[in-house]
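Summary of structural features
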Amino acid sequence: MSLLSIDTEKTRHCKGPDTVFRNFLLLLQPEFIFMNLTTQHIRTELERCYSAQEAACLSRIICCEMLGQSTVDYYLGKDMILSLKEKQELDGILSRLRDFEPIQYVQGTTSFLGRTFRVAPGVLIPRPETEELVEIMLKEIPADARILDIGTGSGCIAVSLSKGLPCAQVVAWDISEEALATAHRNNDALQASVQFALCDVLTCCPDQEDRYDVIVSNPPYVLEKEKLQMERNVLDWEPSLALFVPDTDPLLFYRRIAELGQKLLVAGGKLYFEINRAFGEATVAMLGGQGYANAHILKDISGNDRFVIAER
Ligand SMILES: C[S@@+](CC[C@H](N)C(=O)[O-])C[C@H]1O[C@@H](n2cnc3c(N)ncnc32)[C@H](O)[C@@H]1O
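Residues numbered from 1 in each chain as written. Predicted model: local features only at pLDDT ≥ 70, side-chain atom pairs only at ≥ 80, totals over all residues. Heavy atoms only, no water.

With respect to the helices and strands, R256 occurs in helix α14 (residues 252-264). E259 is the oppositely charged side chain nearest to the buried, salt-bridge-free R256, at an N-O distance of 4.1 Å. Looking at R256, its side chain comes within polar contact range of the main-chain oxygen of V201, at 2.6 Å. If near-sequence neighbours (up to four positions away) are discounted, R256 is found in contact with V201, L202, T203 and C204. (Helix = DSSP H or I, 4+ residues; strand = E, 2+ residues; numbered from the N terminus. Buried < 20%, exposed > 50% of the residue type's maximum accessible area, 1.4 Å probe, protein only. Lys, Arg positive; Asp, Glu negative; His and termini not counted. Salt bridge = Lys/Arg side-chain N within 4 Å of Asp/Glu carboxyl O. Polar contact = N/O pair within 3.5 Å; in protein donor to acceptor, adjacent residues only side chain to side chain. Contact = heavy atoms within 4.5 Å.)

The positions that UniProt labels "binding site: substrate" (unreviewed entry) are, in the present scheme, N218, P219, P220 and Y221. Tracing the backbone shows Y221 in the loop between β6 (212-217) and β7 (222-223). (UniProt positions renumbered as here; feature names shortened; annotations may be inferred.)

Before going further, it helps to spend a moment on the domain arrangement of the protein. Domains assigned within the protein are domain 1 (35-99) and domain 2 (110-311). Distance between the C-alpha centres of domain 1 and domain 2: 35 Å. (Domains from an automatic or database assignment.)

Turning our attention to the environment of A192. By the secondary structure assignment, A192 is in the loop between α11 (177-189) and β5 (195-198). Looking at A192, the relative accessible area reads 16%, which means it is buried. The contacts of A192, once residues within four sequence positions are left out, are V159, S162, K163 and N187.

Okay, unusual backbone geometry next. Of note, L113 is a non-glycine position whose phi angle comes to about 50 degrees, a positive value. If you trace the backbone, L113 turns up in the loop between β1 (109-112) and β2 (115-118). By relative accessible area, which is 24% here, L113 ends up partly exposed.

Attention now goes to the packing of helix α9 (residues 128-140) against helix α10 (residues 156-164). Running from N to C, α9 and α10 point in directions that differ by 30 degrees, and their axes come no closer than 10 Å. In terms of orientation, α9 and α10 fall into the roughly parallel class. In this structure, α9 crosses over α10, and the sense of that crossing is right-handed. Contact with α9, carried on its side by T130, L133, V134, M137 and L138, involves C156, I157, S160, L161 and G164 of α10 and no other residues of that element. (Axes fitted to C-alpha atoms, helices over the stretch in contact; angles between N-to-C directions. Parallel < 35°, antiparallel > 145°, perpendicular 65-115°, else oblique. Left-handed = near helix turned anticlockwise from the far one by under 90°.)

Further remarks concern the site of the ligand. Taken together, 22 residues form the shell around the ligand, and within it G151, D174, D200, V201 and N218 come nearest. With respect to the ligand, the backbone of V201 contributes an N or O atom lying 2.9 Å from a nitrogen atom. With respect to the ligand, the side chain of N218 contributes an N or O atom lying 2.8 Å from an oxygen atom. Considered on its own, the ligand offers 590 Å² of accessible surface; in the complex 97% of this is hidden by protein. Secondary structure elements with two or more residues in the shell around the ligand: α10 and α13 (240-243). Split into classes, the residues belonging to the shell around the ligand amount to 14 nonpolar, six polar and two charged. (Near = heavy atom within 4 Å. Areas by Shrake-Rupley, 256 points an atom, 1.4 Å probe, with all protein chains shown as cover. Nonpolar A, V, L, I, M, F, W, Y, C, P; charged D, E, K, R; others polar.)

Now for the packing of aromatic side chains. Counted under the stated rule, the structure contains four aromatic pairs. Plain terms: the ring middles of F112 and F117 are 5.9 Å apart, the flat faces sit at 80 degrees to each other, and that makes the pair edge-to-face. For the residue pair F112 and F117, the accessibility class agrees, reading buried in each case. Aromatic pair Y254 and F273: ring centres 4.9 Å apart, planes at 75 degrees, arrangement edge-to-face. One end of the pair, Y254, is in helix α14; the other, F273, is in strand β9 (residues 265-274), and 19 residues separate them in sequence. Of the residues examined, Y254 reaches a relative accessible area of 1% and is grouped as buried. Relative accessible area serves as the criterion here: at 0%, F273 is assigned to the buried category. Its end group placed over the ring of F244, K227 keeps NZ or CZ at 4.8 Å from the ring centre. (Phe/Tyr/Trp six-rings, centres within 6.5 Å; stacked < 30°, edge-to-face > 60°. Lys NZ or Arg CZ within 6 Å of the ring centre and 35° of its normal.)

Ranked by internal contacts, the top residues of the largest apolar core, which has 36 residues, are L148, W173, I215, I257, L271, F273 and L287. Broken down by element, this core gets its largest block of residues, six residues, from α14. Discounting residues that sit within four places of it in the chain, L148 has contacts with V171, W173, Y212, V214, I215, V216 and L264. Counting 29 residues, the second-largest nonpolar core is a separate cluster that includes A145, I157, V159 and L190. (Core = buried A, V, L, I, M, F, W, Y, C linked by side-chain atoms within 4.5 Å.)

On to the pattern of salt bridges. Pairing between side chains of opposite charge can happen when the charged atoms of each approach one another. By the definition in use, this model includes 14 salt bridges. Salt-bridge contacts for D300 lead to R306; the nearest nitrogen and oxygen are separated by 3.0 Å. D300 gets classed as buried once you look at its relative accessible area, which sits at 6%. What you see here is one network of salt bridges that share partners, running through E45, R48 and R98.

Structure, rendered in C-alpha cells:
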C-alpha cells in the first residue's frame, strides 16, 4: 500500500534545466508530435492540476480505455469524432479528475494480478505491493489451505488466492459493509469462492472451532502524522478507515491479529502481513514476544521492508 504516488509537486513546479529536460522527454513521446484536438483538449484541462507526465498518462487512459480509441490510432494522433453523449462523458471525467479523484474510481475498476477488480470510493484501491504479497503466498501455501484474509477491502487478496488455489477454502472479513459489497461483486464477477463476513477484528470473538492454515492481512497501517506527506487523491478520496492507525499504536492491528492467530491458526500455521515500512523490526519483535517462530521481514520491489511472515 504505497500511498505516495508520482511526486506531482516536484514535477509541476520544476524550473530551469529540469523543465528543459522534461520538455525534451515529452518530445520523445509520439503522441506529443501527433497530438489530436481531443488529446490536446484533455491535456490542457488536466495540466491545470497535474504534471505534464501525469496528464499524458491520464489522457491515454481516457482515450484508449474509456472512450474506446484504439492505441494505434491514439499514438498516430488520429482525431476522435465524439458524439454529444461522449463529449458530456468526457467533460464528466475531466471534472472528476480535476477534483483529484483517483482515475481508478473514475473508471470504476483497477487491475490486480492481471484481473479486473471493481473499486469505488469507500474501498481502498489495491496497490502493487499487495500484488507482490499475493505472489509470495501463491508460491508458499499448500493448494488446499484454509485461509483467512482480515480487512479484505475490494477482496483483491482473498479473490486472487481463491482463483490461484482453487482447492483452498478462503474466508474474508471486513468491518466495512461498503467494502464487503464490492468484494462480493468481485468474487461473483471473477467466479471465485470466498466466504465473506462482516467483522470488527479489534472486538470480535471468533468461533473457537474455526481453524486456519494461513491468516493474511494488509490492515490500516499509515500513521496519522504521515497524512502530511500524502497526495490529495489519496487523502480526499480513499477511506480513512482503510488507511490510518493512531500514531500512539502503530501495531494495533498486527498485535490483535497475532493474538487471534494463537487461537485460530493450526500449529505451524502462518501469518502473512503487509506492513508500514517503518515498523518491520517492531512487528517481528512483537510476534517473537507472542511466541511465533521464524518471524522475518521481506522487502518489496522498491527495497522497502514491506512484508512480515511468521509461523505459529
Ligand atoms: C489497507 S485496507 C486493505 C484492503 C485490501 N485487503 C487490500 O489489500 O487492498 C484495510 C482494510 O481493513 C478494513 N478494516 C479497518 N478496520 C477494521 C477492523 N477493525 N476490522 C476489520 N476490518 C477493518 C478496512 O475497511 C479496509 O478494507
